[in-house]
Amino acid sequence: MREFAFELAVAASLEAATDGLVARQLGTRDRIVDLVEIEPGPDFSERTSLTAEPIPPLAIESAVGVGTARDPVEAIDTDPDHARSVADQAIEAGFFTAERRGSRRHVRQTARYPDWFAGLHAYENKPDLDRPGDLERQLRKDVSLALFDTVTLVTDSYVTGAHRNRIPEVVGIVRFDAEHGETTVIRDAEPLSTETTGIAIGERSPARVDIEPIPSERKTALRLRLAERAYGKGWRPDGLPPCTQADARGPPFASDDALPYCQWKGRFVHPTRECGPDCGGHEAAEPPPADIDAVRAEKTPWEPDPPGAGRTQTSLDDF
Ligand code: SF4
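Predicted, not measured: the structure shown is a model, and the values here were computed from it. (Residues numbered from 1 in each chain as written. Predicted model: local features only at pLDDT ≥ 70, side-chain atom pairs only at ≥ 80, totals over all residues.)

**Comments concerning the sheet that holds strand β6 (residues 150-155)**
Strands sit in the order β1-β2-β5-β6-β7-β8 across an open sheet of six strands; the sheet is mixed. Only two strands of the sheet have a single neighbouring strand rather than two, namely β1 (21-27) and β8 (182-187). Taking each pair of neighbouring strands and ignoring which way they run, the sheet shows an average axis angle of 30°. Inspection of the sheet shows β6 paired to strand β7 (residues 172-177) by four bridges, in the parallel sense. Along β7, the bridge assignment pairs Thr152 with Gly172. Packed on one face of the sheet, helix α8 (residues 216-233) meets β1, β2 (32-40) and β5 (117-125) and runs near 115° to β1. (Pairing = 2+ DSSP bridges. Helix = DSSP H or I, 4+ residues; strand = E, 2+ residues; numbered from the N terminus. Axes fitted to C-alpha atoms, helices over the stretch in contact; angles between N-to-C directions. Contact = placed C-beta atoms within 7 Å.)

**Describing helix α5 (residues 80-93)**
Given a rise of 1.5 Å per residue, 14 residues ought to cover 20 Å, and the 20 Å separating the end C-alpha atoms of α5 matches this to within 8%. Along α5, the residues classified as buried are Ala83, Val86, Ala87, Ala90, Ile91 and Ala93. End-on view of α5: buried residues confined to an arc of 160°, all on one side of the axis. One or two steps after α5, the chain reaches Gly94, where phi turns positive at roughly 90°. (Expected span 1.5 Å × (residues − 1). Buried ≥ 20, exposed ≤ 12 C-beta atoms within 10 Å, placed from the backbone. Arc of directions from axis to C-beta.)

**Here we look at the sheet that holds strand β13 (residues 267-268)**
Strands in a sheet are paired, the pairing made by backbone hydrogen bonds, and the direction either parallel or antiparallel. Strand order in the open sheet made by the three strands is β11-β12-β13, with antiparallel pairing throughout. Bordering the open sheet on either side are β11 (246-249) and β13, each of which pairs with just one other strand. Inspection of the sheet shows strand β12 (residues 259-262) paired to β13 by two bridges, in the antiparallel sense. Counted as the bridge partner of Cys262 is Arg267 from β13.

**Some points on the domain arrangement of the protein**
Assigned domains within the protein: domain 1 (3-43 + 115-233) and domain 2 (246-299). For domain 1 versus domain 2, the separation of C-alpha centres amounts to 26 Å. Taken together, the eleven residues of domain 1 in the interface contact eleven residues of domain 2. Of the residues that constitute the side of domain 1 that touches domain 2, the class distribution is seven nonpolar, two polar and two charged. (Domains from an automatic or database assignment. Nonpolar A, V, L, I, M, F, W, Y, C, P; charged D, E, K, R; others polar.)

What follows is the structure in structure tokens.
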């Protein structure tokens, strides 16, 4: 099975099994992780009712609070233009509200930023272990940096002892049947030390390997960025192909989804990489009707239109 279709099936299965959220293809400090699962924290519902969008990390980390309105240029730790832009994004997201102080715009938080995630779990999908690519090195980097609480390899392959020996011991291994959505745990993932200094492994040459210590505070900031991006992004592709052959459906074990299936190719397709006039089966049409946000809202705790968003427009309209 192709990696993209496998990844969609893994994401659908993971989403059904978690009370948190799943996101796909997220950039970390030095690589793209296939899937990230957000484990809910104590204030998870406060996050879902705050905004459906990612909140800019600089706004969260700024000196802007709930109580007193502040000039964003003074309160957000970046250059003035960027501070204004971050404030705009935070207002649009519903995290800041704006008010006038003379000729200047001041902002305050609409709500305290909640303690909403308790863990971040990474999943690396490799359906065919006989074509591992860079897998082993990527997993060793993940373990060394320990940005995620756990790291798990998901595969469709029979896992031999030789495979197991090549994968770092703390990395979990799961065999996944993408047709039936069945999971077999070969080895549980062990928790990583997210609250201590990690070592980022960089470029490698025959003579040397670049490494960089990443202190725990920096890791905490990176985890916050990841969690916010994951919250906003989710895992479903943004749109369906504008083609007569396109259909919106899920994998066989969760058919009521809205993923890009191509009847001509008889499989899921990546809309931006595979679809368009260059494809032999392409025939232009409206994309199949599907509300991807509605599907995400139905299957997860994510709220597409939370009450916090109402405050946003009022604040923007004032300016
Ligand atoms: S463009 Fe090609 S791959 Fe995409 S849906 Fe149409 S026929 Fe399928």
